[in-house]
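Coordinates in review
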Amino acid sequence: MNNQNPIFIPGPTNIPDRLRNAMHIQTLDHRAADFAETLAPVLEGCKRVFGTQSGEVITFPASGTGGWEAAICNTLSPGDQVLIARYGMFSHRWIDLCQRHGLEVKIIECSWGSGAPAAQFAEILAADKTHQIKALLVTHNETATGVVSNIKAVREAMDSCAHPALLMVDCVSSLASMPFAMDDWGVDIAVSGSQKGFMLTTGMAILGVSQKAIAAMQSATLARTFFDFTDMLAANRSGGYPYTPPLQLIYGLRESLNMLFEEGLENVYARHHHLAQGVREAVKAWGFELCAHSSDLYSDTVSAIYVPEGFDSNALTDRAYNRYSVSFGGGLGEMNTKAFRIGHLGSLTEVMVLAGIASIEMAMVDLNYPIELGQGVSATQRHFCNKT
Ligand SMILES: *Cc1c(COP(=O)(O)O)cnc(C)c1O
């Protein structure tokens, strides 16, 4: 299908023309001296987005999942205990990855739609007097449920018992769209990727790594070669990569950072909040429920929405795609058939959001949902032109 409709899956996101053009380059020599001049400011710019001055930024040719793997294998050893709460498909997949690496994963089962359970973390960490738990793994923005967790509260839970575990945070679907403060929150490894808030094609894992995490490499014995932080840091310092870099993505990231800083990070976050609120107004007007249990957990990058009893959310997203050529996210895992997701992150305007709300609404009416045409759209319009 050849169309210019925006996409409403929660990543990969719409790629602005400016970034497509920036990536549209002939092969350049990555061993030439001027490659260093391209790479260094890109890494510095990413530090600003992560909110770190003391940490390092490390990029790999990989998707976000590769970033998870890099975080684990650089800092941990087989049999190490890690603590993680499962409250959606992405925290679930991170658990699976840890188990396959032979880590001993202590899992807190939470209902989907809840966020990181800081109080439970505090209890478990306080009871771990001999510090067997080496890392706490938290998904900042659970893309399956549209839930954003309070990482500051998690840090406070760790500090309340002075637990020395590393704090690793998946911020793939939140970075560059919602506030993130790596240094202030004491995050040791923050994992992100090129294809969500950075509005680029998939293919680069982008990590913020603290000095404490780098020090942990000394004793960490999980096998690593491609994802070795030390190799990458050494190569970056001499202006290159330990292997062939994803050049087009590095050029794209340079321009993406320009766009983010031109708009201003605070304005980027405010825009995401405003657009997300517009989507939530439509959900309210339809009379549907968000998966997120309470408003403090509402994600500004993705909304997971339950369809009414008796309807199949896959039929809805299929209808939107097949009839109107607009993609929405399906329900993942236990939410399959019960919920659909609207991604509202990256390169997005009020007009694009309205197009998305209008198209999913047409698909609902086609399938005899108990709503009227315009019900959600007008609520979003009222929010956008301040007539609520
Ligand atoms: C998209 C995403 C990932 C990364 O997935 P990849 O497909 O490997 O890029 C990881 N965590 C979350 C929360 C995500 O939304």
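Just above, that's the structure.
In what follows, the accompanying structure is described. (Residues numbered from 1 in each chain as written. Predicted model: local features only at pLDDT ≥ 70, side-chain atom pairs only at ≥ 80, totals over all residues. Heavy atoms only, no water.)

We now examine the overall build of the protein. Each helix and strand in the protein was counted, giving 13 helices and 12 strands. Taken against the 2.2 N^0.38 rule, which gives 21 Å for 388 residues, the C-alpha radius of gyration of the protein at 21 Å falls within 12% of a compact globule. In the protein, buried positions account for 59% of the 388 residues. Within the protein, contacts between residues separated by at least 24 positions form 73% of all contacts whose residues are at least 6 apart in sequence. Total accessible area on the protein is roughly 15,700 Å²; 50% of this is exposed by carbon and sulfur atoms. A distance of 1 Å separates the average location of the 27 positive side-chain charges in the protein from that of its 38 negative side-chain charges. (Helix = DSSP H or I, 4+ residues; strand = E, 2+ residues; numbered from the N terminus. Rg over C-alpha atoms; globule rule 2.2 N^0.38 Å. Buried < 20%, exposed > 50% of the residue type's maximum accessible area, 1.4 Å probe, protein only. Contact = heavy atoms within 4.5 Å. Areas by Shrake-Rupley, 256 points an atom, 1.4 Å probe, with all protein chains shown as cover. Lys, Arg positive; Asp, Glu negative; His and termini not counted. Charge placed at Lys NZ, Arg CZ, Asp CG, Glu CD.)

This brings us to the packing of helix 12 (residues 350-366) against helix 13 (residues 375-384). Packed helices, taken two at a time, are described by the angle between their axes plus the distance between the axes. At a minimum axis separation of 8 Å, helix 12 and helix 13 run at an interaxial angle of 165°. Our classification of the angle between helix 12 and helix 13 gives roughly antiparallel. Helix 13 is crossed by helix 12, and the crossing has right-handed handedness. Contacts between helix 12 and helix 13 involve Glu-350, Val-353, Leu-354, Ile-357, Ala-358 and Glu-361 on the former and, on the latter, Gln-375, Gly-376, Val-377, Thr-380, Gln-381 and Phe-384. Grouping the constituent residues of the contact of helix 12 with helix 13 by class yields 6 nonpolar, 4 polar and 2 charged. (Axes fitted to C-alpha atoms, helices over the stretch in contact; angles between N-to-C directions. Parallel < 35°, antiparallel > 145°, perpendicular 65-115°, else oblique. Left-handed = near helix turned anticlockwise from the far one by under 90°. Nonpolar A, V, L, I, M, F, W, Y, C, P; charged D, E, K, R; others polar.)

The strand order across the open sheet built from 7 strands is 1-9-8-7-4-2-3, with neighbouring strands paired in mixed fashion. Both outer strands of the open sheet, strand 1 (56-61) and strand 3 (104-109), are each paired with one neighbouring strand and no more. Strand-to-strand twist across the sheet, computed as the mean angle between neighbouring axes with direction ignored, equals 20°. Bridge count for strand 7 (residues 166-170) against strand 8 (residues 189-193) is 3 bridges, and the pairing is parallel. Each residue of the ladder has a partner; that of Val-169, found in strand 8, is Ala-190. Across the sheet, helix 2 (residues 33-50) lies against strand 1, strand 8 and strand 9 (204-209), angled at about 110° from strand 1, the strand it touches most. Across the sheet, helix 3 (residues 64-75) lies against strand 1, strand 4 (133-139), strand 7, strand 8 and strand 9, angled at about 155° from strand 8, the strand it touches most. (Pairing = 2+ DSSP bridges.)

A word on the pairing of strand 11 (residues 302-306). Of all 5 residues that make up strand 11, 4 are buried, and the element is covered over most of its length. Across 2 bridges, strand 10 (residues 289-290) lies against strand 11 in antiparallel orientation. Looking at the pairing, Leu-290 lines up with Ile-305 of strand 11. Where strand 11 and strand 12 (residues 339-343) come together, 5 bridges link them in antiparallel fashion. Bridging across to strand 12, Ala-304 finds its partner in Arg-341.

Contact geometry for helix 5 (residues 118-127) and helix 6 (residues 151-160): axes closest at 8 Å, N-to-C directions at 20°. Comparing their axes, helix 6 and helix 5 come out roughly parallel. As helix 5 runs across helix 6, the sense of the crossing is right-handed. For the pair formed by helix 5 and helix 6, the contact residues are Ala-118, Phe-121, Ala-122 and Leu-125 on the first element and Ala-153, Val-154, Ala-157, Met-158 and Ser-160 on the second. Partitioned by chemical class, the residues of the contact of helix 5 with helix 6 number 8 nonpolar, 1 polar and no charged.

Here helix 2 contains 18 residues, and its C-alpha end-to-end distance of 27 Å stays within 8% of the 26 Å for a straight helix at 1.5 Å per residue. Restricting attention to buried positions, one finds in helix 2 the residues Phe-35, Thr-38, Leu-39, Val-42, Leu-43, Gly-45, Cys-46, Lys-47, Val-49 and Phe-50. A positive phi of about 80° marks Gly-51, the residue just after helix 2. (Expected span 1.5 Å × (residues − 1).)

Let's shift gears to the layout of surface pockets. Where empty space is left in the structure can be found by rolling a water-sized probe over the atoms. Size it by volume and the largest pocket reaches roughly 490 Å³. Lining the largest pocket are 18 residues, with Gln-4, Asn-5, Pro-6, Ile-7 and Asn-14 sitting closest to its centre. Taken together, the residues that form the lining of the largest pocket break down as 8 nonpolar, 8 polar and 2 charged. What the second largest pocket holds in volume is close to 290 Å³. What lines the second largest pocket is a set of 15 residues, and nearest its centre among them are Val-148, Ser-149, Asn-150, Ile-151 and Asp-296. Here the element with the most residues in the lining of the second largest pocket is helix 6; it accounts for 3 residues. For the lining of the second largest pocket, the class distribution of residues is 9 nonpolar, 4 polar and 2 charged. (1 Å grid on protein atoms, 1.4 Å probe; cavity = no way out; pocket = protein on both sides within 12 Å on 5 of 7 lines; lining within 4 Å. Points joined across faces, edges and corners; volume = space filled by probe spheres on them.)

This part takes up the nonpolar core. In this structure, Phe-60, Ile-72, Met-168, Phe-180 and Phe-198 are the most contacted members of the largest nonpolar core, which totals 97 residues. For this core, the domains that each give at least three residues are domain 1 (2-12 + 264-385) and domain 2 (21-261). Setting aside residues up to four positions removed in sequence, Phe-180 forms contacts with Val-49, Phe-50, Gly-51, His-140, Val-169, Cys-171, Leu-175, Trp-185, Val-187, Ala-190 and Tyr-269. Listed in part, the 27 residues of the second largest apolar core include Phe-288, Tyr-324, Val-326 and Leu-348. (Core = buried A, V, L, I, M, F, W, Y, C linked by side-chain atoms within 4.5 Å. Domains from an automatic or database assignment.)

The next thing to look at is the site of the ligand. The environment of the ligand is made up of Ser-63, Gly-64, Thr-65, Trp-68, Phe-90, Asn-141, Thr-143, Asp-170, Val-172, Ser-173, Gln-195 and Lys-196. In this structure, Ser-63 approaches the ligand through a side-chain N or O atom, which is 2.5 Å from an oxygen atom. One of the side-chain N or O atoms of Thr-65 is found 2.5 Å from an oxygen atom in the ligand. Notes on the ligand: free accessible area 380 Å², of which the protein chains cover 89%. No other element matches helix 3, which puts 3 residues into the shell around the ligand. Partitioning the shell around the ligand into residue classes produces 3 nonpolar, 7 polar and 2 charged. (Near = heavy atom within 4 Å. Polar contact = N/O pair within 3.5 Å; in protein donor to acceptor, adjacent residues only side chain to side chain.)

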